[in-house]
Amino acid sequence: MFYGLSAVIGLVVSVFNGLGRLAIGGCMDRLGWKKTMYLNNGILLCSGVLLLLGDRAEAGLVVLAGMLAMGVCYGGGITISASLIRSPYGPEHYAANFSVCNLCVIPASILGPMISACLQDGSGAYLSTFVMVLVIGLAALVLNLFIRRP
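Treat the numbers as computed from the prediction; the structure is a model and nothing was measured. (Residues numbered from 1 in each chain as written. Predicted model: local features only at pLDDT ≥ 70, side-chain atom pairs only at ≥ 80, totals over all residues. Heavy atoms only, no water.)

Before going further, it helps to spend a moment on the side chain of Asn 40. Looking at the element boundaries, Asn 40 is found in helix 2 (residues 33-57). Asn 40 sits in the buried class, given a relative accessible area of 7%. When neighbours within four sequence positions are excluded, Asn 40 is seen to be in contact with Ile 24, Val 72, Cys 73, Gly 76, Gly 77 and Ile 80. (Helix = DSSP H or I, 4+ residues; strand = E, 2+ residues; numbered from the N terminus. Buried < 20%, exposed > 50% of the residue type's maximum accessible area, 1.4 Å probe, protein only. Contact = heavy atoms within 4.5 Å.)

This brings us to the packing of helix 5 (residues 105-123) against helix 6 (residues 127-144). Remark: helix 5 packs on helix 6, axes separated minimally by 7 Å, with the N-to-C direction vectors making an angle of 135 degrees. Judged by the angle between their axes, helix 5 and helix 6 are oblique. Listed contacts from helix 6 to Ser 116, Leu 119, Gln 120 and Ser 123 of helix 5 are Ser 128, Thr 129 and Met 132. Looking at the contact of helix 5 with helix 6, its residues break down into two nonpolar, five polar and no charged. (Axes fitted to C-alpha atoms, helices over the stretch in contact; angles between N-to-C directions. Parallel < 35°, antiparallel > 145°, perpendicular 65-115°, else oblique. Nonpolar A, V, L, I, M, F, W, Y, C, P; charged D, E, K, R; others polar.)

Considering all chains together, one arrives at two aromatic pairs under this definition. On the basis of an interplanar angle of 20 degrees and a centroid distance of 6.0 Å, the ring pair of Tyr 126 and Phe 130 is categorised as stacked. A cation over a ring is seen here: Arg 86 above Tyr 94, with NZ or CZ 5.6 Å from the ring centre. (Phe/Tyr/Trp six-rings, centres within 6.5 Å; stacked < 30°, edge-to-face > 60°. Lys NZ or Arg CZ within 6 Å of the ring centre and 35° of its normal.)

Scanning the model with the defined rule gives one salt bridge in all. A salt bridge links Asp 55 to Arg 56, with the nearest nitrogen and oxygen atoms 3.3 Å apart. (Salt bridge = Lys/Arg side-chain N within 4 Å of Asp/Glu carboxyl O.)

We now examine the side chain of Thr 79. With respect to the helices and strands, the residue Thr 79 is situated in helix 3 (residues 60-89). A polar contact is formed between the side chain of Thr 79 and the backbone oxygen of Gly 75, at a distance of 3.2 Å. Discounting chain neighbours no more than four positions away, the residues touching Thr 79 are Arg 21, Ile 24 and Gly 25. (Polar contact = N/O pair within 3.5 Å; in protein donor to acceptor, adjacent residues only side chain to side chain.)

Rendered as structure tokens:
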């Protein structure tokens, strides 16, 4: 039984999410938190570029590559936050601290699809959503410049 291309893409992106956790975790151990944050941010920016290029060239495989890079980036973000929560604050109340840190997923899960839908309704295409990925990536890069260890 075949469930369709969307289901297969969702599965593959989820696998890359898991692989991103492993890869970014290894980078945290080797490069440290700051360089790894920039690396993960670079992956997000590359994802946005691939999505834009794939859309413009009507190349589905390039769009898929952008989605896979985004899966790696999402998994990497969770790994980075887990490490940054434990390192300065220690193991006491780690679960609660990590949970609070990940509350950002709630508004992102609600607002992200709503913004994407509005952008797509306004333009009739995903191009504006892909541009938004780049804008968010650039904003994250600027914010990374100001992050300091507590």
